[in-house]
Amino acid sequence: MSMVEHWIGGERVSSGAGFTDLSPIDEQPVAQVARGGEREVRQAVAAAKAAFPAWARTSREERARLLHAVADGVERRVEQLALLETTDNGALLRSHLRGVMPRVAHNFRFFADWLLGLKHDDFETRGHTNHVSWDPAGVCALITPWNAPLMLATWKLAPALAAGNTVVLKPAEWSPLTASALADITAEAGLPEGVFNVVQGLGAEAGAALVDQPDVARVSFTGSVPTARLIGAAAARHLTPVSLELGGKSPSLIFADADLDLAVDLAIEQYDNAGQVCLACTRLLVAEEIAAQFTERLVDRIGRLRQGDPRDLDTDLGPQIHRRHLERVDGFVRRAKAEGARVLAGGGPNEELGGLYYRPTLFTDVPDGAEILREEVFGPVLTLQTFRDEEQAIELANGTSYGLDALVVTGSPERAARVTPRLVAGTVWVNCFFVRDLRAPFGGSRESGIGREGGTWSFDFYCDVKNTVSAPWAK
Ligand code: NAD
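These figures come from a predicted structure and were not determined experimentally. (Residues numbered from 1 in each chain as written. Predicted model: local features only at pLDDT ≥ 70, side-chain atom pairs only at ≥ 80, totals over all residues. Heavy atoms only, no water.)

Caption draft 1: A look at the overall build of the protein. Tallying secondary structure elements over the protein gives 15 helices and 23 strands in all. Relative to its length of 475 residues, the protein is compact, with a C-alpha radius of gyration of 23 Å against a globular reference of 23 Å. With respect to the principal axes defined by its C-alpha atoms, the protein has extents near 75 × 65 × 40 Å. Taking all 475 residues of the protein together, the buried fraction comes to 57%. Taken together, the 48 basic and 62 acidic charged side chains of the protein have centroids lying 3 Å from each other. (Helix = DSSP H or I, 4+ residues; strand = E, 2+ residues; numbered from the N terminus. Rg over C-alpha atoms; globule rule 2.2 N^0.38 Å. Buried < 20%, exposed > 50% of the residue type's maximum accessible area, 1.4 Å probe, protein only. Lys, Arg positive; Asp, Glu negative; His and termini not counted. Charge placed at Lys NZ, Arg CZ, Asp CG, Glu CD.)

Here's what the structure looks like:
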């Protein structure tokens, strides 16, 4: 079994203690992982702090060149990284090969190019010039979840490095492997020692220690709301700016004028990654007139989803990440049943497959206010509610404490123009899902997060934006 160590100051560093990383495919151990704590975190932050001045002064062109070299390294290893990630977090190999790993490389290329194109706003005030610049902030702490480990880590890492910061990354303990592989790729690309560091470990130990370091200038976190509250409180002690990308309970609004085939396709997409997607629009809100027809088609499609080994390229639905997570998902399903919700599909673990496979589940007739309509499950569980009119659809859509995204399926551009501005969400998709452009802002409203990243928004966060005002020079 492989041993996964930290990556600090350009070297592998071990810890006295370790933990076992299991594969969700068969719950068998795949690696022993160093279990970092305060000591390793301090060491990594010190290495990042020492590397910062030189990296911050490195020209933009050189930083961009190095990030492209990292992207080259990722592209050379797409297959290896895809298989490693699938083994570690159970998401489909097909998605890792075709979408995720190429996107990881794109994250580096995009932010390298965006850096070179960043426009400095210069304005003039009574003969004085105002020069606005993006100065790197310092050491950035990045903390990431397990559902899309390398994608989410690099979506933060690339702009943080491009901006001239140094980084300490703490990947999720259920999916530590690709962050470690990335360390080797950055070294091979020639990234100077200490610019990128990885501390492995548990959230309550390595994660908590990292956000409580006075030398950390930024904390960017993707994960759950309860963890975000702890991180926000720790960062507040040091007045460290935080970016929080959190969970969701997002709605799909399916209007009577929708293309029904498209509506069913989009609903099925909400089971992607076995439901372990923050953006999943799991609350299907369907116009009364088409509800029966839509439901019949959806149930039929759910029945045809192929569940199984995520390494099989024909599989549609893999396992849940961990037994604890599967039990959490099942707890939501059991309580929904107890509250009177009716199961239209699934409703429990897949007994034929055993292990961590959970059947794609659909509930209807869910009583108002039931937990399953309010709380993020983060598993393959959708609910279906009906609405009479646009007003009720919007009210139901906005009726949770979250606001990550929303999906609108309609054949009417006028309706889309009326409805979308009234939805509380960081992203609204109309007749499409998961079309992501790195130039666009990404983040959540309400409890789905604080701040936006993407394009210039990322540089705003990872930099100290400065205005230099100069009086006219004497002739
Ligand atoms: P989590 O909050 O349990 O863990 C996320 C990370 O935080 C892990 O690396 C973990 O080790 C670390 N952590 C845990 N406790 C910590 C502490 N006290 N201090 C510092 N770090 C700590 O979340 P998860 O279960 O790994 O991920 C699932 C959640 O992430 C879901 O809520 C999902 O919606 C959300 N998510 C959001 C987005 C987004 O972009 N909005 C994307 C993916 C996932």
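Caption draft 2: Geometry of the sheet that holds strand β4 (residues 18-22). The 3 strands are arranged β1-β5-β4 in an open sheet whose pairing can be described as mixed. At either end of the open sheet lies a strand with only one pairing partner, and these are β1 (2-4) and β4. Mean inter-strand twist for the sheet, computed between neighbouring axes without regard to direction, equals 30°. (Pairing = 2+ DSSP bridges. Axes fitted to C-alpha atoms, helices over the stretch in contact; angles between N-to-C directions.)

Caption draft 3: Spotlight on the domain arrangement of the protein. Taken domain by domain, the protein consists of domain 1 (3-246 + 444-470) and domain 2 (251-430). Computed from C-alpha coordinates alone, the two centres of domain 1 and domain 2 are separated by 31 Å. Around 2500 Å² of area is buried between domain 1 and domain 2 when both sides are counted, 58% of it from carbon and sulfur atoms. Among the residues domain 1 hides against domain 2, the three largest losses belong to I25, W174 and R446. Together they make up 25% of the total. Linking domain 1 to domain 2 there are 2 salt bridges. R94 is the salt-bridge partner of D316, the closest N and O atoms lying 3.4 Å from each other. There are 14 residue pairs in polar contact (both at pLDDT 80 or more) connecting domain 1 and domain 2. Mapped by element, the contributors of at least two residues to the side of domain 1 that touches domain 2 are α3 (78-89), α4 (93-117) and β21 (445-446). Per-element tally for the side of domain 1 that touches domain 2: the top contributor is α3, with 4 residues. (Domains from an automatic or database assignment. Buried area = accessible area lost by both parts, 1.4 Å probe. Salt bridge = Lys/Arg side-chain N within 4 Å of Asp/Glu carboxyl O. Polar contact = N/O pair within 3.5 Å; in protein donor to acceptor, adjacent residues only side chain to side chain.)

Caption draft 4: A look at the packing of α4 against helix α15 (residues 455-462). Put simply, α4 and α15 touch, their axes get as near as 10 Å, and they point 80° apart. Considering the angle they form, α4 stands roughly perpendicular to α15. Two secondary-structure elements touch here, α4 through F110, F111, W114 and L115 and α15 through G455, T456, S458 and F459. A breakdown of the residues in the contact of α4 with α15 according to their chemical character gives 5 nonpolar, 3 polar and no charged. (Parallel < 35°, antiparallel > 145°, perpendicular 65-115°, else oblique. Contact = heavy atoms within 4.5 Å. Nonpolar A, V, L, I, M, F, W, Y, C, P; charged D, E, K, R; others polar.)

Caption draft 5: Quick peek at the environment of D437. Among the structural elements, D437 can be located in the loop between β20 (427-430) and β21. For D437, a relative accessible area of 33% corresponds to the partly exposed category. At 2.6 Å, the side chain of D437 and the side chain of R439 are in polar contact.

Caption draft 6: Expanded view of the packing of aromatic side chains. Inspection of every chain in the model, using the stated rule, returns 12 aromatic pairs. Note on W429 and F433: the rings are 5.4 Å apart at their centroids and 65° apart in plane angle, and the pair reads as edge-to-face. No difference in accessibility class separates W429 from F433, as the two residues are buried. Grouping aromatic residues by their ring pairs yields a cluster made of F110, F111, W114, W155, F442 and F459. Sitting above the plane of the F332 ring, R335 keeps its charged end 5.0 Å from the centroid. Over the ring of W155 we find R436, and its NZ or CZ is 5.0 Å from the ring centre. (Phe/Tyr/Trp six-rings, centres within 6.5 Å; stacked < 30°, edge-to-face > 60°. Lys NZ or Arg CZ within 6 Å of the ring centre and 35° of its normal.)

Caption draft 7: The site of the ligand, seen in detail. Around the ligand lies a shell of 28 residues, among which K170, E173, S224, L246 and E376 are the nearest. The backbone of G223 places a nitrogen or oxygen atom 3.3 Å from an oxygen atom of the ligand. Within the side chain of E376, a nitrogen or oxygen atom sits 2.5 Å from an oxygen atom of the ligand. Taking 850 Å² as the accessible area of the ligand by itself, protein coverage stands at 89%. Of the pockets mapped on this structure, the ligand occupies the largest pocket. (Near = heavy atom within 4 Å. Areas by Shrake-Rupley, 256 points an atom, 1.4 Å probe, with all protein chains shown as cover. 1 Å grid on protein atoms, 1.4 Å probe; cavity = no way out; pocket = protein on both sides within 12 Å on 5 of 7 lines; lining within 4 Å. Sits in = over half its atoms within 2 Å of the grid points.)

Caption draft 8: Quick peek at the layout of surface pockets. Approximately 1200 Å³ is the volume found for the largest pocket. Every residue lining the largest pocket is counted, 43 residues in all, and those nearest its centre are W146, F221, G223, S224 and T227. Of all the secondary-structure elements, those providing two or more residues to the lining of the largest pocket are α7 (203-211), β11 (216-222), α8 (225-238) and α11 (323-338). Among the elements that take part in the lining of the largest pocket, α8 stands out by supplying 7 residues, more than any other. The residue inventory of the lining of the largest pocket, partitioned by class, reads 21 nonpolar, 12 polar and 10 charged. There are two domains that each give the lining of the largest pocket at least three residues, and those are domain 1 (3-246 + 444-470) and domain 2 (251-430). Space inside the second largest pocket adds up to approximately 860 Å³. Every residue lining the second largest pocket is counted, 36 residues in all, and those nearest its centre are S95, D272, N273, V277 and F434. (Points joined across faces, edges and corners; volume = space filled by probe spheres on them.)

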